[in-house]
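One-letter residues, chain by chain:
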Amino acid sequence: MTVVVTLRSELASATSALLNTVAALGDPDVAAPSRLPGWTRGHVLAHLARNADGLVNLLTWARTGVRVPQYGSAAARDAEIEAGADRTAAEHLADLQESAARMDAVIENLPEEAWRAPVEGMRPPPHPAWYVLVRRIRELGMHHVDLGAGYGPADWSERFVRRELRDCLRTWPHDSSTVGGIRLLDVPDGGARDLPAVWRDLGEGPVVEGRPADMLAWLTGRSTGEGVRVVLLEGRSSAPGTADPQVPAAPPWLTMPAPADLPATPPEDYP
């Protein structure tokens, strides 16, 4: 058994959680602002539906060997989101259900060897097709929070947080880092499942610490630093009566790229 089986189960759970949230929304709710600047909840939902279709394109590429881009272009992607944003709540729910079903059908029928095929999204590097499942779970987990509809970072599963933090570390933007190190609280000293408790040599800036879900929320722009604090280094201390040092802005993540050294063959687990 490979990680594909585990990821499919996680994908089904994340999809179900999102659909349950959307099913409780009315038309005024989907027209209301999301947590993403300039986007309503309808924009987020339209993006999630079209993202499923875009990832179906990559899986089709993996199955046929014929290059099928995730989106026709960045402009076409944005236009599709804008065109779908103003739909009713029922239309958004149906679109999400149907696009998720299309993706599930393609996954179900993908030959085993196709999971090893290299594909590439809008940002390099290329990655094996099995990582498409990780990317879809990431989209669901992050954008579910962006809806601002009752689902937050505290609702992320431990497995999701661990994997996403690991990929953050593996794709760290050292040249533009705002911190020099990270300490994860409530993680064993030696780390857990390939996720170290202390991240060193990240770049210029202070050391910050926080629990894994709080750290992931901050790193990915899903919080302004709640639960994260600057660690005063040995030999330094705050002056009496002064506030704790301010947490810097998070590193400038755009869309987290795939790690460059993923195994082609689906591993037994990831992470």
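Analysis parameters
Residues numbered from 1 in each chain as written. Predicted model: local features only at pLDDT ≥ 70, side-chain atom pairs only at ≥ 80, totals over all residues. Heavy atoms only, no water. Salt bridge = Lys/Arg side-chain N within 4 Å of Asp/Glu carboxyl O. Helix = DSSP H or I, 4+ residues; strand = E, 2+ residues; numbered from the N terminus. Buried < 20%, exposed > 50% of the residue type's maximum accessible area, 1.4 Å probe, protein only. Pairing = 2+ DSSP bridges.

Asker: What is the right way to read the pattern of salt bridges from this model?
Answerer: Where charged atoms from two side chains of opposite charge come close, those side chains can pair. For the structure shown, the criterion picks out 17 salt bridges. Between R8 and E108 there is a salt bridge; the shortest N-O distance is 2.9 Å. Separated by 100 residues along the polypeptide, R8 in helix α1 (residues 3–23) and E108 in helix α5 (residues 89–108) bring together distant segments of the chain. Of the charged contacts in the structure, one is a salt bridge between R163 and E164, with a shortest N-O distance of 3.9 Å. Both residues of the pair, R163 and E164, belong to the buried class. Among the charged side chains, a network of salt bridges with common partners joins E10, R138, R159, R163, E164, D167 and D269.

Asker: Explain the pairing of strand β3 (residues 181–184) to me, please; I cannot follow it from the model alone.
Answerer: Each regular strand shows side chains that alternate between the opposite faces of the sheet. When β3 meets strand β5 (residues 207–210), the two strands line up parallel, connected through 4 bridges. From the neighbouring strand, G181 faces β5, where its bridge partner is V207. Pairing of β3 with strand β4 (residues 198–199) involves 2 bridges; the strand directions are antiparallel. Bridge pairing in β4 places R183 opposite V198.

Asker: Can you help me understand the sheet that holds β5 in this one?
Answerer: Hydrogen bonds along the backbone pair up the strands of a sheet, which may run parallel or antiparallel. Read across the sheet, 4 strands follow the order β4-β3-β5-β6 without closing on themselves; strand pairing throughout is mixed. Both outer strands of the open sheet, β4 and β6 (228–231), are each paired with one neighbouring strand and no more. Sheet topology places β5 next to β6; 4 bridges connect them, and they run antiparallel. By the bridge assignment for β6, V207 is matched with V231.

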